[in-house]
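Chain by chain, the residues:
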Amino acid sequence: MSFPRQQARTRRFTIGVPRAFQISPDGRRVAFLRTRDGDDGLACLWVRDLDTGREDVVADPRAVGGAAEEDLPPEERARRERLRETGGGIVSYTVDREFTRAAFTLSGRLYAVDLAGEDGVRELPATAPVVDPAIAPTGTAVAYVSGGALRVVDVEGGRDRLLAAPDAPGITWGLAEFIAAEEMGRFRGLWWAPDASAVLAARVDESPVTRWTISDPANPEAAAQTVAYPPPGTANADVRLAVLPLSGAGSAPEAAGAPEPRWIEWDRAALPYLVTAGWAAVPGAAPEVVFTAQSRDQRTLRLLRADAATGAVREVCAETDPVWVEIMPGVPAHTGAGETVWIGLCADKAGGGVRRALFVGDRELGPRADYLRAVVDVDGDHVLYSASPAGRPGEIGLWLLDIRTGAARRAAVPGAADSPGVESGRLRGGTLVLQRRDMDTDGVRTVLLRDAASDRPREAGEVRSLAHAPDLPRPRPRFWAAGARGIPAALLLPSWYEPDPAAPLPVLMDPYGGPHAQRVVRSRGAHLTSQWFAEQGFAVLVADGRGTPGVGVAWEQAVHGDLANPVLEDQVAALHDAAERFGCLDLSRVAVRGWSFGGYLAALAVLRRPDVFHAAVAGAPVTLWELYDTHYTERYLGLPGERADAYARSSVLEGWAEPSRPLMLIHGLADDNVVFAHTQRLSTALLAAGRAHTVLPLSGITHMPTEETAAENMLLLQVEFLRTALALPAKPEAAG
């Protein structure tokens, strides 16, 4: 089987990888999702006993009617698209506080399962279709969304109650709006009170939002899809918060059967973006609503608390920055004593400017020199956070912070504490589930550590990955910091090639190059596609220039007001540095490829710098920032009516140079994130200018091309296009 087919069939080698871990309060059991093998596309819910090492399937979609073709409601399809969820079967679940029950959906139907495996799985009599269920902390009920209404069904007895119903067209309860899910990392719109007496819910009014139409020309008989999409400078959805008590909730389908909402009111005109929401339980006090809200210009982010009974709001802290305040994952969080765990900005006395710091209450604790990435979990008096060591942006590790002493230590797989890699995890009940990706192994290693916060954590086995290993030579990137700016870079060469200045290789640059994503990381899986292109006879160069995470706040903010020139300059600088450093790159034959922001960068490169780049493949590119969404675009470029210069500087339709170079545009017609209009507008402009180009439209494909045949052939067609565009000879025999 070819690598492109294998990668497509295994969903980029994710089938069979354990994920979505939950841990019992005593740390003795863990739940997770995993398919039964590397070929099975349907994930099951498993529970592992750390004392015995036994793993059991507690919910198999085939056993509960989920093996047939999935019939997902539109809201669930949209939710999965925002999550970049490509799996099947049980793709998400929630557990109660004591780890006794879990809830999940299959094809819009709601199920509950006993995590001890005694009572098995049973369907609950919920109003279908069910979207994004959340089980109560007590395990007695499940809140969910159906038809835009928020409902609760009892696990025992099956009473189904209405909490809130849409009162006008365009209104939904309990779901995250497009901007929250796509750009802010908030995928939920409902949160249970700790005592299960009420549900905090978002009421989203999308009636002010611009409507766009997405259709599939290949299927003219199919109705077009209308989506609420807010381009820069236009109205966002109006989002409010309300506490909905369970007392008084009725079973009638009408809104009259629902309890009266207790509204949480804040200055939504000044802080229109609801970033996070939830509850804070302080010992000896009533639980409070806690949420963060952001200004439209994103220069202010406020952490707020509200009395759940009265709705009265008070400010806990505020972050401000003249450029923008980044939304940091995992905060706010709370210690067992109720102290707030927060990531905030403070002066960087060593390097100048600002840096991010970890605060517990009003105390700065944790890393000061490292690049802080997220708070992962809080377990009593210990905070698990992720960070990159200073000067090593491609490494992501986990640290455990003891808030009593302020001491932090690396939480690592035994024997790998000093080995570069990319790590993630979960912590509860003293048990750490640590997942590690590195350059020495294929896929993911998942290690269970008991007493993780002690001086001597105990290894309690591994949760095995069942994913296939790629049929591809092992990637061996050369990592370095390129040029005067120290751009993180990696060069991949064919396994069959010995560097020879007399026989230089054509170059393929393979960047993402934009905010919120890194490509130059110490993980073998991150470089598989680049290595496959290298095996076709290319020297593949990957560079993370200004705007990408991992280096520092100033590095990320260097693209403010200009998403084009800094990122393009850094790609060129990395290319020239690599050519000088390695001596085996043919700069007369340089191509570039990318997807999404990487597609934008690829098109930009070949149109503005044809003196450097000789061919490009641009997948799902943003070509006009006026056609992308408010939250992302306005963060970098401001409002189009006020910063027309920034939009012009950043547009792919501006600043073209001669000569014209070969360009292939690939775009899914069903893409509701970067809509096909981006490629259509660029193609129209190229045609008007008499510039030949290739457009590959993908019928029925969204921003995630996961259909097996399409995903495979896209790679094969890209290689053939680039080979022809650069006038390369036939594929080397050794490439296979």
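Residues numbered from 1 in each chain as written. Predicted model: local features only at pLDDT ≥ 70, side-chain atom pairs only at ≥ 80, totals over all residues. Heavy atoms only, no water.

Draft legend 1. Structural context of the overall build of the chain. Summing up its helical and strand segments, the chain has eleven helices and 44 strands in all. Over its C-alpha trace the chain gives a radius of gyration of 26 Å, about what one expects of a compact globule, namely 27 Å for 736 residues. The principal-axis extent of the C-alpha atoms belonging to the chain is close to 75 × 55 × 55 Å. Taken over 736 residues, the chain has a buried fraction of 58%. Split by element, the accessible area of the chain, about 27900 Å² in all, is 50% carbon and sulfur. Within the chain, the 94 negative side-chain charges are centred at a point lying 3 Å from the centre of the 76 positive side-chain charges. (Helix = DSSP H or I, 4+ residues; strand = E, 2+ residues; numbered from the N terminus. Rg over C-alpha atoms; globule rule 2.2 N^0.38 Å. Buried < 20%, exposed > 50% of the residue type's maximum accessible area, 1.4 Å probe, protein only. Areas by Shrake-Rupley, 256 points an atom, 1.4 Å probe, with all protein chains shown as cover. Lys, Arg positive; Asp, Glu negative; His and termini not counted. Charge placed at Lys NZ, Arg CZ, Asp CG, Glu CD.)

Draft legend 2. Inspection of the sheet that holds strand 23 (residues 300-307) at higher detail. If you trace the four strands from one edge of the open sheet to the other, you get 21-22-23-24, paired in antiparallel fashion. Among the strands making up the open sheet, the edge pair consists of strand 21 (273-280) and strand 24 (313-320). Going from strand to strand, the sheet's axes swing by 20° on average, the running direction of each strand aside. Across seven bridges, strand 22 (residues 288-294) lies against strand 23 in antiparallel orientation. (Pairing = 2+ DSSP bridges. Axes fitted to C-alpha atoms, helices over the stretch in contact; angles between N-to-C directions.)

Draft legend 3. Spotlight on the environment of Asp629. Considering the arrangement of structural elements, one finds Asp629 in the loop between strand 42 (615-619) and helix 8 (630-637). Sequence separation between Asp629 and Pro705 is 76 residues, and the spatial gap between their C-alpha atoms is 21 Å. If we skip the residues at most four places from it in the chain, Asp629 touches Phe178, Ile179, Glu182, Glu183, Tyr229, Pro230, Pro232 and Glu634. Within the structure, Asp629 has its side chain in polar contact with the backbone nitrogen of Tyr632 (distance 3.0 Å). (Contact = heavy atoms within 4.5 Å. Polar contact = N/O pair within 3.5 Å; in protein donor to acceptor, adjacent residues only side chain to side chain.)

Draft legend 4. Structural view of the pairing of strand 10 (residues 131-135). Of all five residues in strand 10, five are buried; the element is thus mostly enclosed. Where strand 10 lies against strand 11 (residues 141-146), three bridges are found, and the strand directions are antiparallel. Each residue of the ladder has a partner; that of Ile135, found in strand 11, is Val142. Hairpin connection between strand 10 and strand 11: a loop of five residues separates the two successive antiparallel strands, and Gly139 in this loop has a positive phi of roughly 75°.

Draft legend 5. Representation of the packing of aromatic side chains in the model. One pass over the full model with this rule turns up 21 aromatic pairs. Measuring from centroid to centroid gives 5.8 Å for Tyr512 and Phe597, while their planes differ by 40°, and the two rings are tilted. Placement of Tyr512 in the loop between strand 39 (505-509) and helix 4 (528-535) and of Phe597 in helix 7 (residues 597-608) is noted, with a sequence separation of 85 residues between them. Ring centres 6.3 Å apart and planes at 45° place the aromatic pair Phe597 and Trp625 in the tilted group. Taken together, the residues span a long stretch of sequence, with Phe597 in helix 7 and Trp625 in the loop between strand 42 and helix 8 at a distance of 28 residues. For Trp625, a relative accessible area of 1% puts it in the buried group. Ring pairs connect the aromatic residues Trp324, Tyr512, Phe597, Tyr600, Trp625, Tyr628, Tyr632 and Tyr636, which therefore count as one cluster. When the ring centre of Trp46 is taken as origin, the NZ or CZ atom of Arg34, which lies over that ring, is 4.2 Å away. Its end group placed over the ring of Phe479, Arg522 keeps NZ or CZ at 4.1 Å from the ring centre. (Phe/Tyr/Trp six-rings, centres within 6.5 Å; stacked < 30°, edge-to-face > 60°. Lys NZ or Arg CZ within 6 Å of the ring centre and 35° of its normal.)

Draft legend 6. Geometry of helix 7. With twelve residues, helix 7 extends 16 Å between its outermost C-alpha atoms, agreeing within 8% with the 16 Å of an ideal straight helix rising 1.5 Å per residue. Of all twelve residues that make up helix 7, twelve are buried, and the element is covered over most of its length. Taken residue by residue, helix 7 has Phe597, Gly598, Gly599, Tyr600, Leu601, Ala602, Ala603, Leu604, Ala605, Val606, Leu607 and Arg608 as its buried positions. (Expected span 1.5 Å × (residues − 1).)

Draft legend 7. A look at the sheet that holds strand 11. Strand order across the open sheet formed by four strands is 10-11-12-13, with antiparallel pairing between neighbours. In this open sheet, the two edge strands, each paired with only one partner strand, are strand 10 and strand 13 (160-164). Across the sheet, the mean angle separating the axes of adjacent strands is 25° when strand polarity is ignored. Bridge count for strand 11 against strand 12 (residues 149-154) is six bridges, and the pairing is antiparallel.

Draft legend 8. Representation of the packing of helix 6 (residues 565-582) against helix 7. Viewed as axis vectors pointing N to C, helix 6 and helix 7 meet at an angle of 75°, and their least axial separation amounts to 10 Å. Viewed along their axes, helix 6 and helix 7 adopt a mutual orientation that is roughly perpendicular. Facing helix 6, whose interface residues are Asn565, Val567, Leu568 and Gln571, helix 7 presents Phe597, Leu601, Leu604, Ala605 and Arg608. Taken together, the residues that form the contact of helix 6 with helix 7 break down as six nonpolar, two polar and one charged. (Parallel < 35°, antiparallel > 145°, perpendicular 65-115°, else oblique. Nonpolar A, V, L, I, M, F, W, Y, C, P; charged D, E, K, R; others polar.)

Draft legend 9. Fine view of helix 4. Of all eight residues in helix 4, eight are buried, a share of seventy percent or more. Residues of helix 4 that are buried: Leu528, Thr529, Ser530, Gln531, Trp532, Phe533, Ala534 and Glu535. The elements touched by buried residues of helix 4 are helix 1 (3-9), strand 38 (487-492), strand 39, strand 40 (539-543), strand 41 (585-595) and helix 11 (708-725). Where helix 4 ends, the next residue or the one after it, Gly537, has phi of about 110°, a positive value.

Draft legend 10. Region of the structure containing the side chain of Arg356. Within the secondary structure, Arg356 is located in strand 27 (residues 354-360). Classification of Arg356 as buried rests on a relative accessible area of 10%. A polar atom in the side chain of Arg356 sits 2.9 Å from the side chain of Glu556.

Draft legend 11. Here's a closer look at the pattern of salt bridges. Counting across every chain of the model gives 59 salt bridges. Across the salt bridge formed by Glu364 and Arg368, the nearest N and O atoms sit 3.6 Å from each other. Residues Arg546 and Glu569 are paired through a salt bridge, measuring 3.0 Å at the closest nitrogen-oxygen approach. Within this pair, whereas Arg546 is found in the loop between strand 40 and helix 5 (553-557), its partner Glu569 is found in helix 6, the two being separated by 23 residues in sequence. Taking relative accessible area as the criterion, Glu569 reaches 43% and is therefore assigned partly exposed. If you follow the salt bridges from partner to partner, you end up with Glu76, Arg79, Arg80, Asp132 and Arg188 in one network. (Salt bridge = Lys/Arg side-chain N within 4 Å of Asp/Glu carboxyl O.)

Draft legend 12. Representation of the environment of Ala269 within the structure. Mapped onto the elements of the fold, Ala269 is located in the loop between strand 20 (262-264) and strand 21. Sequence separation between Ala269 and Thr630 is 361 residues; the distance between their C-alpha atoms is 16 Å.

Draft legend 13. The arrangement of the packing of helix 4 against helix 11 in detail. Two elements in contact, helix 4 and helix 11, have axes whose closest approach is 11 Å; the angle formed by their N-to-C orientations is 40°. Taken together, the axes of helix 4 and helix 11 lie oblique to each other. Two packed elements cross with a definite hand, and for helix 4 against helix 11 that hand is right-handed. On helix 11, the residues that touch Thr529, Trp532 and Phe533 of helix 4 are Leu715, Leu716, Gln718 and Val719. Classifying every residue of the contact of helix 4 with helix 11 by side-chain character gives five nonpolar, two polar and no charged. (Left-handed = near helix turned anticlockwise from the far one by under 90°.)

Function cannot be inferred from these measures alone, as they are strictly geometric.
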